[in-house]
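# Coordinate inspection notes
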Amino acid sequence: MPYHRYKPAHERVEVRLEGGREWPARRITHAPLWVPVDLRDGNQALAEPMDPARKRRMFDLLVAMGFKEIEVGYPSSSRLDFDFVRDLAVPGVVPEDVTVVVFTPARKDLIERTFASIEGLPRAVVHLYTATAPTWRNVVLGHDRDELRALIKDAAGHVARLAEGLPVRFEFSPEVFNLTEPDYVLEVCNDLTALWDAAPDRPVIHNLPATVEVATPNVYADQIEYMHRHLDRRDAVILSVHPHNDRGTGVACAELALLAGAQRVEGCLFGNGERTGNVDLVTLALNLHSQGVDPMLDLSDIDEIRRVAEHCNRLPVPDRHPYAGDLVYTAFSGTHQDAIRKGLAHHAKQAAELGVAPEQAPWDVPYLPIDPADVGRDYQAVIRVNSQSGKGGIAYLLHTRYGLELPRRLQIDFSSVVQQATDGTGEEITAEQLWELFTATYLAPGESGTLAEWRTVEIGPGEHEFAGTLRSGRALRGTGNGPLSALTAALAADGLDVDILHYAEHSMAPGPASRAMAYVEARVGGVTSWGAGQDTSVLTASIHAVLAAVNRVIAVNRAIAADPGQEPGDLGQEPGDPRQKPGDAR
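On a predicted model such as this, the values are computed, not experimentally measured, just so you know.

Moving on, we come to the overall build of the protein chain. Across its full length, the protein chain carries 18 helices and 14 strands. Its C-alpha radius of gyration of 35 Å places the protein chain more than 25% over the 25 Å reference for a compact globule of 586 residues. For the protein chain, with 586 residues in total, the buried portion stands at 52%. Restricting the contact set of the protein chain to residue pairs at least 6 apart, pairs at least 24 apart contribute 65%.

Attention now goes to the state of the cysteines. Covalent bonding between the sulfur atoms of two cysteines defines a disulfide. By the definition in use, this model includes zero disulfides. With no disulfide of its own, Cys-189 lies closest to Cys-253 among cysteine sulfurs, the gap being 18 Å. Cys-312 forms no disulfide, and the closest cysteine sulfur to it belongs to Cys-268, at a distance of 12 Å.

What follows covers the domain arrangement of the protein chain. The domain architecture assigned to the protein chain consists of domain 1 (20–313), domain 2 (334–375), domain 3 (391–443) and domain 4 (451–562). Using only C-alpha atoms to locate each centre, domain 1 and domain 2 end up separated by 38 Å. With seven residues of domain 1 in contact, the opposing surface of domain 2 contributes four residues. Here domain 1 packs against domain 2, burying approximately 420 Å² in sum over the two surfaces, 63% of which is carbon and sulfur. Area buried by domain 1 at its contact with domain 2 is led by His-289, Ser-290 and Ser-300, which between them contribute 62% of it.

With that settled, the discussion passes to the packing of aromatic side chains. Following the criterion strictly, the structure yields ten aromatic pairs and no others. With 5.0 Å between their ring centres and 15 degrees between their planes, Tyr-402 and Trp-435 make a pair best called stacked. Of this pair, Tyr-402 sits in helix α14 (residues 391–402) while Trp-435 sits in helix α16 (residues 431–443), and the two are 33 residues apart along the sequence. Between Trp-435 and Phe-438, the ring centres sit 6.2 Å apart and the planes meet at 20 degrees, which makes this aromatic pair stacked. Residue Trp-435 and its partner Phe-438 are located together in helix α16, separated by three residues, close to a single helical turn.

Take Asn-207: it is sitting in strand β6 (residues 204–210). Side-chain polar atoms of Asn-207 contact the side chain of Ser-173, separated by 2.8 Å. At a separation of 3.5 Å, a polar atom in the side chain of Asn-207 contacts the main-chain amide nitrogen of Val-241.

A few words now on the nonpolar core. Buried together is how nonpolar side chains tend to be arranged in soluble globular proteins. Ranked by internal contacts, the top residues of the largest apolar core, which has 128 residues, are Phe-414 and Phe-438. A total of seven residues in this core trace back to one element, the largest contributor, which is α16. Counting 23 residues, the second-largest nonpolar core is a separate cluster that includes Leu-470, Ala-518, Val-527 and Ala-549.

All right, on to the UniProt feature "domain: Pyruvate carboxyltransferase" (unreviewed entry) in the protein chain then. Feature annotation in UniProt places "domain: Pyruvate carboxyltransferase" (unreviewed entry) on residues 32–303, given in this structure's numbering. Secondary structure across residues 32–303 divides into 43% helix and 18% strand, with the first and last C-alpha atoms of the span separated by 24 Å.

Once that is clear, we can look at the packing of helix α10 (residues 250–259) against helix α11 (residues 281–290). Here α10 crosses α11 at 55 degrees, and the two axes come no closer than 10 Å. Relative to α11, the element α10 is oriented oblique. Between α10 and α11 lies a crossing whose hand is right-handed. In this structure, α10 uses Val-251, Ala-254 and Glu-255 to contact α11, whose residues at the interface are Thr-283, Leu-284 and Asn-287. For the contact of α10 with α11, the class distribution of residues is three nonpolar, two polar and one charged.

A surface patch of nonpolar side chains, amounting to about 280 Å² of accessible area, comprises Val-139, Val-140 and Leu-141. Turning to its location among the elements, Leu-141 is positioned in helix α6 (residues 134–141).

This part is about the packing of α14 against α16. Relative orientation of the contacting elements α14 and α16 amounts to 95 degrees, with a least axis distance of 10 Å. One element, α14, and the other, α16, form an angle in the roughly perpendicular class. Taken together, the residues of α16 that come into contact with α14 (itself represented by Ile-394, Leu-397, Leu-398, Arg-401 and Tyr-402) are Ala-431, Glu-432, Leu-434, Trp-435 and Phe-438. For the contact of α14 with α16, a count of residues per class yields eight nonpolar, no polar and two charged.

What follows deals with the sheet that holds strand β9 (residues 451–460). Here we have three strands laid out as an open sheet, ordered β9-β10-β11, and antiparallel in their pairing. Of all strands in the sheet, those bounded by a partner on one side alone are β9 and β11 (475–480). Sheet twist, expressed as the mean angle between neighbouring strand axes with direction ignored, is 15 degrees. The pairing of strand β10 (residues 463–470) with β11 spans six bridges and is antiparallel. Within the sheet, the bridge partner assigned to His-464 lies in β11 and is Gly-480. Together, β9, β10 and β11 form the strand contacts of helix α17 (residues 483–493), whose direction differs from that of β11 by roughly 130 degrees.

All right, on to the environment of Pro-445 then. Within the secondary structure, Pro-445 is located in the loop between α16 and β9. Distance from Pro-445 to Glu-22, taken between C-alpha atoms, is 70 Å for residues 423 residues apart in sequence.

What follows deals with the sheet that holds strand β14 (residues 527–535). Overall, antiparallel pairing links the three strands, which are arranged β12-β13-β14 in an open sheet. In the strand order of this sheet, the two ends are held by β12 (498–507) and β14, each with one partner. Recorded for the sheet is a direction-independent mean angle of 15 degrees between the axes of neighbouring strands. Two elements, β12 and strand β13 (residues 516–524), share nine bridges in a ladder whose sense is antiparallel.

Our next topic: the environment of Ala-421. Residue position: Ala-421 is located in helix α15 (residues 408–425). Here the alpha-carbon distance between Ala-421 and Leu-434, two residues 13 residues apart in the chain, equals 9.9 Å.

In this section: the UniProt feature "binding site: Mg(2+)" (unreviewed entry) in the protein chain. Cross-referencing UniProt, the feature "binding site: Mg(2+)" (unreviewed entry) maps to Asp-41, His-242, His-244 and Asn-278 in the present numbering. On the basis of their most widely separated C-alpha atoms, the annotated residues across 238 residues gather in one place, lying no more than 10.8 Å apart. In this structure, Asp-41 is in contact with His-242, His-244, Glu-274 and Asn-278, ignoring residues within four places of it in sequence. With respect to the secondary-structure elements, Asn-278 resides in the loop between β8 (264–267) and α11. Of the residues examined, Asn-278 reaches a relative accessible area of 2% and is grouped as buried. For Asn-278, the contacting residues outside a window of four places in its chain are Val-37, Asp-41, Gly-42, His-242, Pro-243, His-244, Asn-245, Gly-267, Cys-268, Gly-271, Asn-272 and Gly-273. Here His-242 takes part through its side chain, which lies 3.0 Å from a polar atom of the side chain of Asn-278.

Analysis parameters
- Residues numbered from 1 in each chain as written.
- Predicted model: local features only at pLDDT ≥ 70, side-chain atom pairs only at ≥ 80, totals over all residues.
- Heavy atoms only, no water.
- Helix = DSSP H or I, 4+ residues; strand = E, 2+ residues; numbered from the N terminus.
- Rg over C-alpha atoms; globule rule 2.2 N^0.38 Å.
- Buried < 20%, exposed > 50% of the residue type's maximum accessible area, 1.4 Å probe, protein only.
- Contact = heavy atoms within 4.5 Å.
- Disulfide = S-S within 2.5 Å.
- Domains from an automatic or database assignment.
- Buried area = accessible area lost by both parts, 1.4 Å probe.
- Phe/Tyr/Trp six-rings, centres within 6.5 Å; stacked < 30°, edge-to-face > 60°.
- Polar contact = N/O pair within 3.5 Å; in protein donor to acceptor, adjacent residues only side chain to side chain.
- Core = buried A, V, L, I, M, F, W, Y, C linked by side-chain atoms within 4.5 Å.
- UniProt positions renumbered as here; feature names shortened; annotations may be inferred.
- Axes fitted to C-alpha atoms, helices over the stretch in contact; angles between N-to-C directions.
- Parallel < 35°, antiparallel > 145°, perpendicular 65-115°, else oblique.
- Left-handed = near helix turned anticlockwise from the far one by under 90°.
- Nonpolar A, V, L, I, M, F, W, Y, C, P; charged D, E, K, R; others polar.
- Patch = residues over 30% accessible without salt bridge, like charges linked within 9 Å, V, L, I, M, F, W, Y side chains within 5 Å.
- Areas by Shrake-Rupley, 256 points an atom, 1.4 Å probe, with all protein chains shown as cover.
- Salt bridge = Lys/Arg side-chain N within 4 Å of Asp/Glu carboxyl O.
- Pairing = 2+ DSSP bridges.

Laid out in structure tokens, this is it:
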């Protein structure tokens with residue numbers, strides 16, 4: 001790679017901070033002034049710019065989210081942008097607490113066109129810009145420092161004259177600020193602060209763009225802190241930033257700029273913009289939210305915000321996009337799933353102990369930096385299962401969707417069944433498919449009609465009798481200290497040694513009419529097997545669970561007889577499926 005062709009940022013722009021940096025020791029404690037530029041900067045970057053309907057839908061979304069300043073267009077650039085600003089001038093269209101921003105180059109004819117577009121608006125910010133970096137001065141504009149400084153002052157004076165008597169505030173952007181000599185930017189900005197007679201009650205906005213990101217975020221922070229320290233009439237200046245994302249660190253640039261003294265951030269929803277985009281306002285705002293700072297924006301329905309942005313921009317938001325992507329609150333990894341499952345259970349318990357709703361309790365769940373419910377997501381997709389997933393994720397899905405509370409050893413046993421099913425396809429398996437697989441593996445073998453009829457009866461204190469008839473007509477009878485021990489005695493009398501190792505049961509839903517689920521781990525002829533049963537009767541569910549465990553062993557033994565290469569103990573599979581290797585169930 002010809003890396004030698006590129007000059008490091010510190011050789012292109014030198015920043016001297018006398019007395020050292022202060023920004024590394026600061027904390028962000030409140031939200032900045034947010035200014036979305038989706039309708040201007042973001043729109044200019046689209047292969048198909050928004051039509052009027054899409055522009056209006058985007059504007060309405062930004063208002064609903066709570067933005068108070070919105071850059072709505074570049075009215076001198078096209079008839080479409082001009083007409084859109086004129087449409088906003090209709091009384092009642094722009095809420096009383098919202099100010100529109102319009103963008104203009106430092107050319108008198110284009111400035112006049114811009115002012116024509118805002119006629120009748122109750123409030124507006126006129127945003128004047130000129131590129132100031134050496135390469136742009138020398139190659140694009142053909143002006144030296146003094147010539148360009150005079151041109152900017154002349155344009156700013158024209159803005160001031162046209163604004164006389166109008167409800168207009170002023171903004172200036174030295175485009176490519178981050179590649180401009182700091183002392184030169186300071187001179188130009190101070191010129192306009194004085195010319196526009198900035199005061200605390202009518203502040204001027206100086207917006208300092210990282211137009212093309214060329215350095216690590218700390219360099220941008222140094223540049224912002226330099227301006228923050230040296231700007232004239234600092235209490236009459238709103239220091240704004242506009243980072244782009246060419247290095248992939250636009251969000252970090254904005255956050256460090258806020259530490260360095262910036263008060264306002266321009267960007268786009270989900271980072272749309274030229275090249276790699278503008279800074280992502282959604283990510284920035286939710287980063288604050290995750291730190292306990294009110295972002296002052298409504299992001300409680302992130303999916304609707306994403307849908308509108310995708311419609312207006314005709315661009316998808318990636319599945320892994322921070323906070324908003326379809327997969328960002330989803331875990332496939334088994335270790336992650338286990339931690340999340342336990343974390344959610346702990347969160348619910350803590351909320352109950354505090355006597356508050358779960359959505360109001362302090363949040364501290366592994367792998368989830370914020371509660372997905374805060375942005376309108378439910379927990380249905382938090383854990384999803386594929387070949388990489390473990391027992392915890394499988395158990396979570398079956399519990400949340402179907403009310404199952406699998407014993408730990410059954411979780412281990414069933415995970416090998418799921419692993420086998422997903423390894424074959426490499427695809428995700430849904431909760432519905434998990435239930436079907438669980439039913440076929442553990443429930444169906446006990447509901448296959450092995451017994452034509454059966455009954456249990458207590459024949460004496462602590463003594464029960466089981467009596468039944470097999471479909472073949474053979475009778476089963478046995479006694480024991482409970483219904484299940486009587487069943488195993490009956491099976492033993494018929495030549496099948498069954499020892500129940502573990503038994504568990506639970507209701508599948510609240511209420512007396514709920515079905516019961518029973519789980520049995522049994523040693524059948526020396527082979528360990530799990531079975532499950534469900535019924536409105538706990539006893540019936542228990543009998544079915546024992547029969548399921550037994551029938552699974554019988555099915556495997558039949559498979560071994562058909563295939564001598566199969567070995568006993570292969571019970572982590574569907575009945576009659578001999579593909580699993582010995583020991584996999586363990």
